[in-house]
There are 2 protein chains.
Amino acid sequence: MTGETDHGRTTAHQGSRIDAYVDRYAARATGMVASEVRALFSVASRPEVVSLAGGMPYVTALPLDVVGELVADLVAQRGPVALQYGSGQGDPHLREQICEVMRLEGIEANADDVVVTVGSQQALDLITRIFIDPGDVVLAEGPSYVGALGTFAAYQASVVHVPMDDEGLIPAALAETIESLSRAGRRVKFLYTIPTFQNPAGVTLNEQRRREVLEICNRARVLVVEDNPYGLLGFDGEPLRALRADDPDGVVYLGSFSKTLAPGFRVGWALAPHAIRDKLVLAMESAVLSHSSFAQLAVGRYLETQPWREQIKSFRELYRERCEAMLSSLEMLMPPGCTWTKPAGGFFVWLTLPPGLDSKALLPRAVAERVAFVPGTGFYADAQGAQYMRLSYCYPQPDRIREGVRRLAGVIEQEMQLRDTFGTGSVPDHGGVDTPGPDLA
Amino acid sequence: MTGETDHGRTTAHQGSRIDAYVDRYAARATGMVASEVRALFSVASRPEVVSLAGGMPYVTALPLDVVGELVADLVAQRGPVALQYGSGQGDPHLREQICEVMRLEGIEANADDVVVTVGSQQALDLITRIFIDPGDVVLAEGPSYVGALGTFAAYQASVVHVPMDDEGLIPAALAETIESLSRAGRRVKFLYTIPTFQNPAGVTLNEQRRREVLEICNRARVLVVEDNPYGLLGFDGEPLRALRADDPDGVVYLGSFSKTLAPGFRVGWALAPHAIRDKLVLAMESAVLSHSSFAQLAVGRYLETQPWREQIKSFRELYRERCEAMLSSLEMLMPPGCTWTKPAGGFFVWLTLPPGLDSKALLPRAVAERVAFVPGTGFYADAQGAQYMRLSYCYPQPDRIREGVRRLAGVIEQEMQLRDTFGTGSVPDHGGVDTPGPDLA
């Protein structure tokens, strides 16, 4: 990705120029710091490196000729609308279509409660903007999506992690966390959760726990922000029922076409209780006036004229094959002491290193061996996570995934030998929250 | 516009539903209130009403067949890039092209200092995000762009207006305002200015004053944010030299393709001193990850393959003709006591009503007579401006503009008779800052 090269450059500049504005930034800007691992990712984007780092969907699988025709027809038939400003809330017809998509997850919603956003990342930004005063608490799974943590940091939220296991968020731990925060007089504004095929952990909240999580949050009057970009990308069976399906008043649901169609249009959405929806539209308008009419109408036309359910099915098959390639080669090649999650959908495997190993310290060595991953520390707000790494199987071909895992296993083995000889692996070096690049999405 | 209908609905809903989250919003959200005039604008969008309210460019003038071919070719030739995530800073080639566009205004810039944004509205949002703590002062012309005032309010900035005359911002008043704020211990973070064909006033800062404004701000260490969406849309002669051209370290320049090409792609940009650019990229990523690759590459392809300078020339001619239609009919039809600005480019005329008349109170009557405008109060942060209105000539055909001015003149005359009979016109009703809809851009 070109962005990675730019980030490399950024780092070089930062060292060599003085910032004349350093005493004039807002307090929130001090939390905006470029990650040190970015420079490494600029190396990792070279073709000889197998990147298990990025979360980029495999858009090459789309029928490009069809998409080309579709956007040309759009301009021919609705050019003056597609090229003009649109409403802050988003195209009304697209909002109807979004309700149809959400129906697959058991959600019954009115198009009037949907706001179209610049990817679901913007929905997250706007929700944070309207709810968070500096110091307010956001609950999030530990680990959680790096882009969400970056947004929470930008609004000076205090993120408190709630532990997960292979069945997702642990309800008892959630209840306990809320209670102890409440005893300490802290204000919990919302729970941010990715219940299905979680990023980065690859685990899914089971049905029993879904009910419990909703009950706990309802009782404590904690809003639930359900982020669900991967919900339709399960490998088997029917889509899971969304949290929002069972609690229209207590849940803000975030969705996206980035994984079911393509991220290049940047079309996501929020479905929110009506009063919150009103605020979201006002926040949207002050942030960007309105999203691109062209991008919205292109997505709408795709949904209207193409067999989108079939396309999602073929994406599911593609990612299932890649996930199997990763899991089977991990099984075959990883040294003892490594463990990992077994996703039933989505893009990611979460790997736990043997004791004494540090994933961030290990990254430069891995890149030298032509394989990249994302160190676990990026997925926590509090510098924990050094024993984990996120491995993505969404983008590389299956044979490249196997080769990447082989290289990574070699690096981990060497590191274990170092540890056994010297008592520790490479020296760790942890910063705080890294504001993510789009390459880490 | 569909958005206007939605806003109408919003107002209805707000009255009838209880907001269960009312005690949980952030402090900044309390400033986000929908404008009362929105409901009126939903009526104003009916075809029988001549709208002199909106700032929508006349995109129908674009060669739609060419644009259709261009986006189809884009998908065929660069589909996997156009449909994928891009870098947070924006497409590198587009950033080079943006530098070429800015060269027309005397700006010499490096593509590495450009950040592509979701319209220049987002650039404004991000600049405010990185500089403004609650209570910090932003200086702005009085009147100023309604969308900027909405953004400043969303970050709890304190806006202080600096007066203008027909030659733009008054330098002596600027110096005095900065000095008195400094004596009061207030922190001025930046001056927000639209020096060329200002929105809403239609006036342009003269050359002598450009130098003075830069000097004053430099001396006081006040950053200048130069918003320049209309700079290339002057009716005669060469484009004016941008403020940024003479002060690369003290000015953040905001640009947009919304008026020179089309707003439907939502492609704008910021050109910033390097340290600020670094922060802008991080803020961009936490806000939306990245802008639409598709939209960026479409604009890039347009600039590469089409005679864009010629297209701008034909836009200039079109808007000049409409401006002349408006100015000549104002001259012919407006009752004595009304005065207005004479723009040399851009989209807007700023009209001053005779004493005792109130533009917001006058709007419902005008809409009943099938003509709409934007009341002056929306362009001030402090509820002044009742004696002004903004009239746009960018969208309606010349004969519709003449008809609209005729209707408006009739309404003003009636209102003057009311005033002369009862001592006042319709009863005024002023709120605070209205968060603008895209229709007011």
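Computed from a prediction, not measured in an experiment: that's the story for all the values here. Just so you know, the residues in each chain are numbered from 1, in the order the chain's sequence is written. Chain labels run from A onward and ligand labels from 1 onward, assigned in the order the entries are written. For this predicted model, a pLDDT threshold of at least 70 governs which residues receive local features, and a threshold of 80 or more governs which side-chain atom pairs are given and counted, while totals over whole chains, interfaces and linings are taken from all residues. For side-chain calculations, the full set of non-hydrogen atoms in the structure is used, while hydrogens and water are omitted.

Quick look at the interface of chain B and chain A
Right, so step 1: Any two residues whose heavy atoms approach within 4.5 Å are treated as being in contact. At the interface, 104 residues of chain B touch 104 residues of chain A.
Right, so step 2: Summed over both partners, the accessible surface that disappears when two parts come together, traced with a 1.4 Å probe, is what is meant by buried area. Buried surface at the junction of chain B and chain A, both sides included, amounts to about 8700 Å², of which 59% is carbon and sulfur.
Right, so step 3: Here, a salt bridge means any side-chain nitrogen of Lys or Arg that lies within 4 Å of a carboxyl oxygen of Asp or Glu. If you look at where chain B meets chain A, you find four salt bridges.
Right, so step 4: Residues Arg 129 of chain A and Asp 125 of chain B are paired through a salt bridge, measuring 3.0 Å at the closest nitrogen-oxygen approach.
Right, so step 5: Two N or O atoms form a polar contact when they lie within 3.5 Å of each other; inside protein one atom must be a possible hydrogen donor and the other a possible acceptor, and for residues adjacent in sequence the pair counts only when both atoms belong to side chains. Taken together, the links from chain B to chain A amount to 46 residue pairs in polar contact (both at pLDDT 80 or more).
Right, so step 6: Strands are runs of DSSP state E lasting at least 2 residues, helices are runs of H or I lasting at least 4, and numbering of each runs from the N terminus. At the level of elements, helix 1 (2-16), helix 3 (64-82), helix 4 (92-103), helix 5 (119-131), helix 6 (146-154), helix 9 (274-288) and helix 10 (293-305) of chain B are the ones that each hand at least two residues to the side of chain B that touches chain A.
Right, so step 7: By the convention adopted, Pro, Cys, Tyr, Trp, Phe, Met, Ile, Leu, Val and Ala count as nonpolar, Lys, Arg, Asp and Glu as charged, and the other residues, Gly among them, as polar. Here the side of chain B that touches chain A is built from residues that sort into 50 nonpolar, 31 polar and 23 charged.

A word on the sheet that holds strand 4 (residues 158-165) of chain A
All names here are of chain A.
Right, so step 1: Strands pair, by our definition, only if DSSP identifies at least two bridges between them. The mixed open sheet is built from eight strands, whose spatial order is 2-9-8-7-6-3-4-5. The open sheet has two free edges, formed respectively by strand 2 (114-118) and strand 5 (168-169), since each of these has just one partner strand.
Right, so step 2: As paired strands, strand 7 (residues 223-227) and strand 8 (residues 251-256) are joined by four bridges and run parallel to one another. Its bridge partner being in strand 8, Val 225 is matched across the sheet by Val 252.
Right, so step 3: For every element, the axis is a line fit to its C-alpha atoms; helices are fit only across the contacting stretch, and the angle between N-to-C directions ranges from 0 to 180 degrees. Most of the contacts of helix 9 (residues 274-288) go to strand 2, to which it runs at about 30 degrees, and overall it touches strand 2, strand 7, strand 8 and strand 9 (267-271).

Thoughts on the UniProt feature "domain: Aminotransferase class I/classII large" (unreviewed entry) in chain A
Right, so step 1: As annotated in UniProt, the feature "domain: Aminotransferase class I/classII large" (unreviewed entry) corresponds to residues 63-408 of chain A in the numbering used here.
Right, so step 2: Overall, residues 63-408 of chain A shows 45% helix and 17% strand. The separation of its end C-alpha atoms is 33 Å. UniProt positions are given in the numbering used here, feature names are shortened, and annotations may be inferred rather than shown by experiment.

So, the pattern of salt bridges
Opposite charge on two side chains lets them pair, provided their charged atoms get close.
Right, so step 1: Tallied over the entire structure, the rule returns 36 salt bridges over all chains.
Right, so step 2: For Glu 108 of chain B, the salt bridge goes to Arg 103 of chain B, with nearest N and O atoms at 3.7 Å.
Right, so step 3: Each of Asp 125 and Arg 129 of chain A together with Asp 125 and Arg 129 of chain B takes part in salt bridges that share partners, so that together they form one network.

Topic: the domain arrangement of chain A
All names here are of chain A.
Right, so step 1: An automatic or database domain assignment provides the domain bounds reported here. On domain assignment, one finds that chain A holds domain 1 (29-61 + 310-421) and domain 2 (64-305).
Right, so step 2: Here the C-alpha centroids of domain 1 and domain 2 sit 25 Å apart.
Right, so step 3: Contacts between the two partners involve 28 residues from domain 1, matched on the other side by 30 residues from domain 2.
Right, so step 4: Carbon and sulfur atoms make up 66% of the surface buried where domain 1 meets domain 2, a total of about 2400 Å² over both sides.
Right, so step 5: Linking domain 1 with domain 2 are one salt bridge, by the criterion used here.
Right, so step 6: On inspection of domain 1 and its partner domain 2, the count reaches nine residue pairs in polar contact (both at pLDDT 80 or more).
Right, so step 7: Broken down by secondary-structure element, the contributors of at least two residues to the side of domain 1 that touches domain 2 are helix 11 (308-333) and strand 11 (348-352).
Right, so step 8: The residue makeup of the side of domain 1 that touches domain 2, split by class, is 17 nonpolar, seven polar and four charged.

Thoughts on the sheet that holds strand 7 (residues 223-227) of chain B
All names here are of chain B.
Right, so step 1: The sheet built from eight strands is open, its strands ordered 2-9-8-7-6-3-4-5 with mixed pairing. Only two strands of the sheet have a single partner each, and these edge strands are strand 2 (114-118) and strand 5 (168-169).
Right, so step 2: Looking at chain direction, strand 3 (residues 137-142) and strand 4 (residues 158-165) are connected through six bridges and run parallel. Looking across to strand 4, one finds that Ala 140 is bridged to His 161.
Right, so step 3: Lying on the sheet, helix 9 is in contact with strand 2, strand 7, strand 8 (251-256) and strand 9 (267-271); it crosses strand 2 at an angle near 30 degrees.

Things to note about the confidence of the model for chain A
Residue and element names in this part refer to chain A.
Right, so step 1: This prediction gives chain A a mean pLDDT of 91; 91% of its residues lie at or above 70.
Right, so step 2: The predictor attaches a confidence to each residue, and that confidence, scored 0 to 100, is pLDDT. Scored below 50 in pLDDT, residues 1-16 shows 29 contacts in the model against residues more than four places distant or in partner chains.
Right, so step 3: In the predicted structure, residues 429-436 sits below a pLDDT of 50 and forms 29 contacts with residues beyond four places in sequence or in another chain.
Right, so step 4: In the predicted complex, the global pTM is 0.93; the interface-specific ipTM is 0.92.

Thoughts on the packing of helix 3 of chain B against helix 10 of chain B
The description of two packed helices rests on the angle between their axes and on the distance between the axes.
All names here are of chain B.
Right, so step 1: For the pair helix 3 and helix 10, the least separation of the axes is 10 Å and the interaxial angle reads 130 degrees. Considering the angle they form, helix 3 stands oblique to helix 10. As for the relative orientation of helix 3 and helix 10, their crossing is right-handed in sense. In this structure, helix 3 contributes Leu 70, Val 71, Asp 73, Leu 74, Val 75, Gln 77, Arg 78, Val 81 and Ala 82 to the contact, and helix 10 contributes Ser 293, Phe 294, Leu 297, Ala 298, Arg 301, Tyr 302 and Thr 305.
Right, so step 2: Its residues placed into classes, the contact of helix 3 with helix 10 shows 10 nonpolar, three polar and three charged. Comment on the angle field: the value is read as roughly parallel under 35 degrees, roughly antiparallel over 145, roughly perpendicular from 65 to 115, and oblique elsewhere. Helix crossings fall into two classes, left-handed where the near helix is turned counterclockwise from the far one by less than a right angle and right-handed where it is turned clockwise.

Structural notes on the packing of aromatic side chains
Right, so step 1: Here is the rule: rings of Phe, Tyr and Trp (six-membered ring for Trp) pair when centre to centre is within 6.5 Å. Planes less than 30 degrees apart are stacked, more than 60 are edge-to-face, and the remainder are tilted. Across all of its chains, the model carries 33 aromatic pairs over all chains by this definition.
Right, so step 2: Ring centres of Phe 294 of chain A and Phe 265 of chain B lie 5.2 Å apart, and the angle between their planes is 40 degrees; on these two criteria the pair is classed as tilted. Highlighted residues: Phe 294 of chain A in helix 10 (residues 293-305) and Phe 265 of chain B in the loop between strand 8 and strand 9, drawn from two different chains. Side by side, Phe 294 of chain A and Phe 265 of chain B carry an identical accessibility label, which is buried.
Right, so step 3: A ring pair is formed by Tyr 319 of chain A and Phe 347 of chain A, whose centres lie 4.7 Å apart and whose planes are at 50 degrees; its orientation type is tilted. Taken together, the residues span a long stretch of sequence, with Tyr 319 of chain A in helix 11 and Phe 347 of chain A in the loop between strand 10 (339-340) and strand 11 at a distance of 28 residues. Each residue's exposure class comes from its accessible area (1.4 Å probe, protein chains only) as a fraction of the maximum for that residue type: buried when under 20%, exposed when over 50%, partly exposed otherwise.

Concerning the side chain of Gln 296 of chain B
Residue and element names in this part refer to chain B.
Right, so step 1: Within the element layout of this structure, Gln 296 appears in helix 10.
Right, so step 2: You can call Gln 296 buried: its relative accessible area is 2%.
Right, so step 3: Setting aside residues no more than four positions away along its own chain, Gln 296 makes contact with Gly 90, Asp 91, Leu 94, Val 116, Val 267 and His 291.

Topic: the relation of the copies chain B and chain A
Right, so step 1: For the pair chain B and chain A, the best superposition has an RMSD of 0.0 Å and corresponds to a rotation of 180 degrees with a translation of 0.0 Å parallel to the axis. This pairing of chains is accounted for by a two-fold axis. The C-alpha atom lying nearest the rotation axis in chain B is that of Ala 72 of chain B; the distance is 2.7 Å.
Right, so step 2: Both copies share a contact surface, since 100% of the interface residues of chain B are interface residues in chain A too. Here the copies are matched by least squares. The fit uses the C-alpha atoms of residues with pLDDT of at least 70 in both.

Considering the nonpolar core
Right, so step 1: The definition of a nonpolar core used throughout is a set of buried Ala, Val, Leu, Ile, Met, Phe, Trp, Tyr and Cys residues joined through side-chain atoms within 4.5 Å. Residues Tyr 192 and Ile 276 of chain A together with Tyr 192, Ile 276 and Ile 412 of chain B are the most contacted members of the largest nonpolar core, which totals 279 residues.
Right, so step 2: Apart from residues lying up to four places away in sequence, Tyr 192 of chain B is in contact with Leu 124, Val 138, Leu 139, Ala 140, Glu 141, Ser 144, Tyr 145, Ala 148, Phe 152, Val 225 and Asp 227 of chain B.

Remarks on unusual backbone geometry
Right, so step 1: Of note, the bond from Gly 142 of chain B into Pro 143 of chain B is cis; its omega dihedral lies within 30 degrees of zero at 5 degrees.
Right, so step 2: Tracing the chain through its elements places Pro 143 of chain B in the loop between strand 3 and helix 6.
Right, so step 3: The amide bond that connects Asn 199 of chain B to the next residue, Pro 200 of chain B, takes the cis arrangement and shows omega of 10 degrees.
Right, so step 4: Mapped onto the elements, Pro 200 of chain B comes out in the loop between strand 6 (188-193) and helix 8 (207-219).
Right, so step 5: With a phi close to 60 degrees, Gln 156 of chain A is a non-glycine residue in the positive phi region.
Right, so step 6: Relative to the assigned elements, Gln 156 of chain A resides in the loop between helix 6 (146-154) and strand 4.
Right, so step 7: The class of Gln 156 of chain A is partly exposed, set by a relative accessible area of 28%.

Here we look at helix 10 of chain B
Residue and element names in this part refer to chain B.
Right, so step 1: By this rule the span expected of a helix is its residue count minus one, scaled by 1.5 Å. Under the 1.5 Å per step criterion, the end-to-end length of helix 10 is 18 Å for 13 residues, consistent within 8% with the ideal 18 Å.
Right, so step 2: Among the 13 residues in helix 10, 11 count as buried, and that is most of the element.
Right, so step 3: Here helix 10 has its buried residues at Ser 293, Phe 294, Ala 295, Gln 296, Leu 297, Ala 298, Val 299, Gly 300, Arg 301, Tyr 302 and Leu 303.
Right, so step 4: The N-cap residue of helix 10 is Ser 292: its side-chain oxygen and the backbone nitrogen of Phe 294 are 3.3 Å apart.

Considerations on the environment of Ser 144 of chain A
Right, so step 1: Relative to the assigned elements, Ser 144 of chain A resides in the loop between strand 3 (137-142) and helix 6.
Right, so step 2: Apart from the residues within four sequence positions on either side, Ser 144 of chain A is in contact with Leu 149, Tyr 192, Gln 198, Asn 199, Pro 200 and Phe 379 of chain A.

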